[in-house]
Structures are given as structure tokens and as C-alpha cells.
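Commentary on secondary and tertiary structure
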Amino acid sequence: MARVIIPFEGWDWLKQTSSNIVIAHCIKPTPSAPGVLVIGAPKSDFGIEVVSVIKGKNFTSAARLWTDHELLEGQNYLLFGFYDSGIYKAYEPYRIVPLGLQFSTNMLAGKTLDEQIQMLLQRRLNDLNRQMKAEQGEKARLEQAFIK
Amino acid sequence: MKLRAGVLKVSLLFMAGMAVAVPTQPFRDWSELTRTSKDIVIVHCVKTPETEIVEAGGVVREEGFGGIKSDVEISFALKGQMDSGKSEIVSQYPLRQSEYYLAFANQYESHGFYQAYEPYRIISLGQNFDTNVLSGKTLDEQIQTLLQKRLNDLNRQMKAEQEEKARLESAFKK
């Protein structure tokens, strides 16, 4: 029951090989069935609401998401995956791009697939740069506790 | 009656102004923070608040009460009164559902919630946290243990973020 984890080979490759690219809003983790041992389960199994379909067929707004990326309730994510029987599968963590709590799909209107993805990746890069700057400050503060 | 309504309106406006203009203190050191915080507690966030603090030009726009109010459960008190069960905490730090946090706070019974405005007052402890690691330790040892845990987690997280950043930047290289 081993899962094949494919290394990241670039965004163009990811766009081409992902049959479904969607923006998902994470609702709640799927409760595990009592007494059932799942082997090879993904790190995260969440109920999601699909808020925008960027590539692929529009199946249903309510679905599940399986991934090895850590997911948080209430957050929005861009996901590069494939859809199978009510479940979006995007195992490798690089297939999930966090978009924060507040996200409006209006910014994507009238743009091509490539432009939409570039815009979303730029948004994540900006957020990440801000976050990393704040974390540098936090790290320096924490290290103060261990300086004698 | 009209006068009373006017006085009430002015009072509410004054209170709203007071709520936003919360004086915040810069971080000095952990010893002082430990000494001056009336309540040092471990909380579990029950629900991610729907509001976010937006930074505009380096200024934090506050959402009221000097920060965002989050629903939490008190898991453990390192210092101060142990009020177990549900409570609320107000901070500029964005708390996330299911995460545990160490909070250097002050609880004011008249307000009914904990206040920890400055982001440095909140230390993330991740989604899995066992308070057993604190048993038999002094307050200073407990805090050192928790800060070390956060530092280890943060180092791991920053390494992963460096990889993610490099991956994202590759999208903009021609």
C-alpha cells in the first residue's frame, strides 16, 4: 500500500500534470472511524468547500482533501491535485499553497490560468516573506532566554 | 431622555476610542515578562477568529479591545489562578484553532477575559502538547522548557519555509 511521492519538478510541470487545480476552503478534519486502523493515511484529511475551480471539471462544492501538508481549519488553499470519488488527492506538500483566512476570488476574474497561478503564488510569497521576518524577530527573542 | 441618549452616545464613542488606543510595551526580557504577568497560562484555541489584524505601513489596525478576541480553553496555569474551562483572550497575535499557546497574560475579572495584547506575550506550542512535561519543575524551569520547545519547532518551521520560499521564487525566474 506504499504511496509514490514525486519530487517537485517545477510549476509548469505541476500545472500540466495536475488534472484539478482548485481553491479550497478548509472546514473540519474528517473524524476517524473508531476501531479502524488506516495504513498509509495522509497527514491531513479535511472536509473542504471548493471556492474556485482554476483547472478541471467543477465536480461538487463540498468534498474531502487528502494531503501530507498540514491543514488548518478556516484557511484557504490553492491545491494542485486530482479528484477521485469525492476526494481531492494532493499528497505531496508542495501541491498545497496556503492563501490565508481571507480570500476573494474576484482578483482572479478575467485572467488566464497562468496569470491566476502567478498571482496566487506571488500572494503566498508576500505572506511568507512577512511571516519569516516576524519569525526572525521571534527567534532572536526566544534565544535571549538561553543567553547567560 | 434625549440628553441621556446623547450622554450614552458620547460615552460609547469615548469607550470605543479607549478600546483602540491600548498602550503596548516593547519586549525587554523574559524575567521581567514573567514577573509582570499576573497570569501565565497554557491555553487551547477553540476557534480561529474570523477577523485578521492587517498591517498597513507597519501600523497594526486593531479590531477592538486592542486586539482580536479568541475563544480558548485554559489547560494549565503556571502562575496565577487556575480557572479551568472556557475563556477568551485578547491579543494582536493571531491564534489558530486546535493550537496550544503559552500566554503571559493578565486576567481582569471585570472584563471577563485574559489580555495579552503584545504578540510576544503569546508563544505557540503546536497542536500536540502534554502538560506532563511541566510536572515537578519550578516556574522558571517550566518557562525555559516551553521556550525551548517553541525554539526547536520554529527552527524546523523556518527550514521548511526557506524551501517553500525557494520553490515559490522559482515561479518568477525566467
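Residues numbered from 1 in each chain as written. Chains lettered and ligands numbered in written order. Predicted model: local features only at pLDDT ≥ 70, side-chain atom pairs only at ≥ 80, totals over all residues.

Structural notes on the overall build of chain A
A count of helical and extended segments in chain A gives 2 helices and 6 strands. For chain A, the spread of C-alpha atoms along the three principal axes comes to 60 × 50 × 30 Å. The proportion of buried residues among the 148 residues of chain A is 21%. Counting contacts in chain A only where the partners sit at least 6 residues apart, residues at least 24 apart contribute 62% of the total. (Helix = DSSP H or I, 4+ residues; strand = E, 2+ residues; numbered from the N terminus. Buried ≥ 20, exposed ≤ 12 C-beta atoms within 10 Å, placed from the backbone. Contact = placed C-beta atoms within 7 Å.)

Describing the pairing of strand β6 (residues 100-108) of chain B
All names here are of chain B. Where burial is concerned, most of β6 is hidden: 7 out of the 9 residues are buried. Taken together, the 6 bridges between strand β1 (residues 39-47) and β6 define a ladder with antiparallel strand orientation. Bridge assignment links Val41 to a residue of β6, and that residue is Ala103. With 4 bridges joining them, β6 and strand β8 (residues 122-126) adopt antiparallel strand pairing. (Pairing = 2+ DSSP bridges.)

A look at the nonpolar core
Ranked by size, the top nonpolar core spans 26 residues in total, and within it Val41, Val43, Ile89, Tyr101, Ala103, Ala105 and Ala116 of chain B carry the most contacts. Sort the elements by how many residues they give to this core and β6 of chain B lands first, with 6 residues. Core analysis: the second largest hydrophobic core is formed by 21 residues, Ile23, Ala24, Val50 and Leu71 of chain A among them. (Core = buried A, V, L, I, M, F, W, Y, C linked by C-beta atoms within 7 Å.)

Thoughts on helix α2 (residues 113-144) of chain A
Given a rise of 1.5 Å per residue, 32 residues ought to cover 46 Å, and the 47 Å separating the end C-alpha atoms of α2 of chain A matches this to within 8%. Looking at α2 of chain A, one finds that the buried residues are Gln116, Ile117, Leu120, Arg124 and Leu142 of chain A. Looking at the buried positions of α2 of chain A, the neighbouring elements they touch are α1 (11-17), β2 (44-55), β4 (76-84) and β6 (96-100) of chain A together with α3 (139-169) of chain B. (Expected span 1.5 Å × (residues − 1).)

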